[in-house]
Amino acid sequence: MAISTDTISKLKNFANINANLVYTGDGKLKTISEAKNILATADITEAWTSEFGIYDLNEFLAVSQIIPDANFDYTKDQCVFSGNGRKVKYTFADAAILTSPTKDVTMPAAEVQITITNDEINELRKAASTLGHNTLRITNSSLSVIDSSGATANEFSIENKVDTDDEFQFDFLINNLKLMPGNYDVNLSSKLISEWVGEDVTYWIALEKTSKYGG
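No experiment lies behind these values; they were computed from the predicted model shown.

What counts and what doesn't
Residues numbered from 1 in each chain as written. Predicted model: local features only at pLDDT ≥ 70, side-chain atom pairs only at ≥ 80, totals over all residues. Heavy atoms only, no water. Helix = DSSP H or I, 4+ residues; strand = E, 2+ residues; numbered from the N terminus. Buried < 20%, exposed > 50% of the residue type's maximum accessible area, 1.4 Å probe, protein only. Pairing = 2+ DSSP bridges. Axes fitted to C-alpha atoms, helices over the stretch in contact; angles between N-to-C directions. Core = buried A, V, L, I, M, F, W, Y, C linked by side-chain atoms within 4.5 Å. Contact = heavy atoms within 4.5 Å.

(A) Structural view of unusual backbone geometry. The backbone phi angle of Lys36 is positive, close to 60°, even though this residue is not glycine. Relative to the assigned elements, Lys36 resides in the loop between strand E2 (28-32) and strand E3 (38-43). A positive phi angle is found at Asp69, which is not glycine, with a value near 50°. In this structure Asp69 comes out as exposed when scored by relative accessible area, which is 74%.

Below, the structure written as structure tokens:
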């Protein structure tokens, strides 16, 4: 059976977070950044039931495309892509030497919950690139792209109405928003952690220390 295009897309996204990948055989892809400030998990439809490790995910993805619509078979040590009389063998890495999540995130109680759409995420990224800013700031009134250094007051914002009287400011580095396309229900905690829940993928992203919640 070929690897589905949906799983390929998720693997490409996860490669932006960490080049390593350990699959544990539980029907979920999981990854964590080297800095341990981004963790992600995604469901897959493939019936992969055994563990394997990939040292260079981008290399693996490139190998998977050598043979169009290749069948994918694997053991814990290697996989084989085959089709149309062609075959490519790829050796897996020892999972013990790879960077991978060792436990699931226990999300603390979230003081704020909002929904951010795919269009809004794209607008925020475009504005950050255009303005040269590095920070997304979420407050009671807006989602805004700012210069956290204070060198310029230039700012892009999207109106945001949250049903709370409490004052808050949650800051993210734009570069940490390595998200698959889609709409996200976002849970924000004053413990400096956020949870971004998509259709079948979830990210836990650390907030910056400039974040604050009035209570």
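So, next bit.
(B) Focus on the sheet that holds E3. The 6 strands are arranged E2-E3-E15-E14-E13-E8 in an open sheet whose pairing can be described as antiparallel. Of all strands in the sheet, those bounded by a partner on one side alone are E2 and strand E8 (112-116). This sheet shows a mean twist of 15° between the axes of neighbouring strands, independent of strand direction. One ladder, built from 5 bridges, connects E2 with E3; its direction is antiparallel. Considered in E3, the bridge of Thr31 is made with Ala40.

(C) Spatial organisation of the sheet that holds strand E11 (residues 156-159). Read across the open sheet, the 5 strands follow the order E11-E10-E9-E12-E16; overall the sheet is antiparallel. Two strands lie at the open edges of the sheet, namely E11 and strand E16 (212-213), each paired on one side alone. Pairing geometry for strand E10 (residues 142-146) and E11, over 4 bridges, is antiparallel. Paired with Ser144 across the bridge in E11 is Ser157.

(D) Structural view of the environment of Ala151. Following the sequence through the fold, Ala151 ends up in the loop between E10 and E11. Through-space distance from the C-alpha of Ala151 to that of Ile32 is 32 Å; in sequence the pair is 119 residues apart.

(E) Molecular detail of the environment of Ala153. If you trace the backbone, Ala153 turns up in the loop between E10 and E11. Using a relative accessible area of 75% as the deciding quantity, one classes Ala153 as exposed.

(F) Looking closely at the nonpolar core. Phe60, Ile138, Phe172, Trp196 and Tyr203 are the most contacted members of the largest nonpolar core, which totals 56 residues. Once you skip the residues sitting within four places of it in the chain, Phe172 turns out to touch Asn134, Thr135, Leu136, Ile138, Leu177, Leu188, Ser194, Trp196, Ile205, Ala206, Leu207 and Glu208. Ile32, Met107, Ile193 and Trp204 belong to the second-largest nonpolar core, a separate cluster that totals 5 residues.

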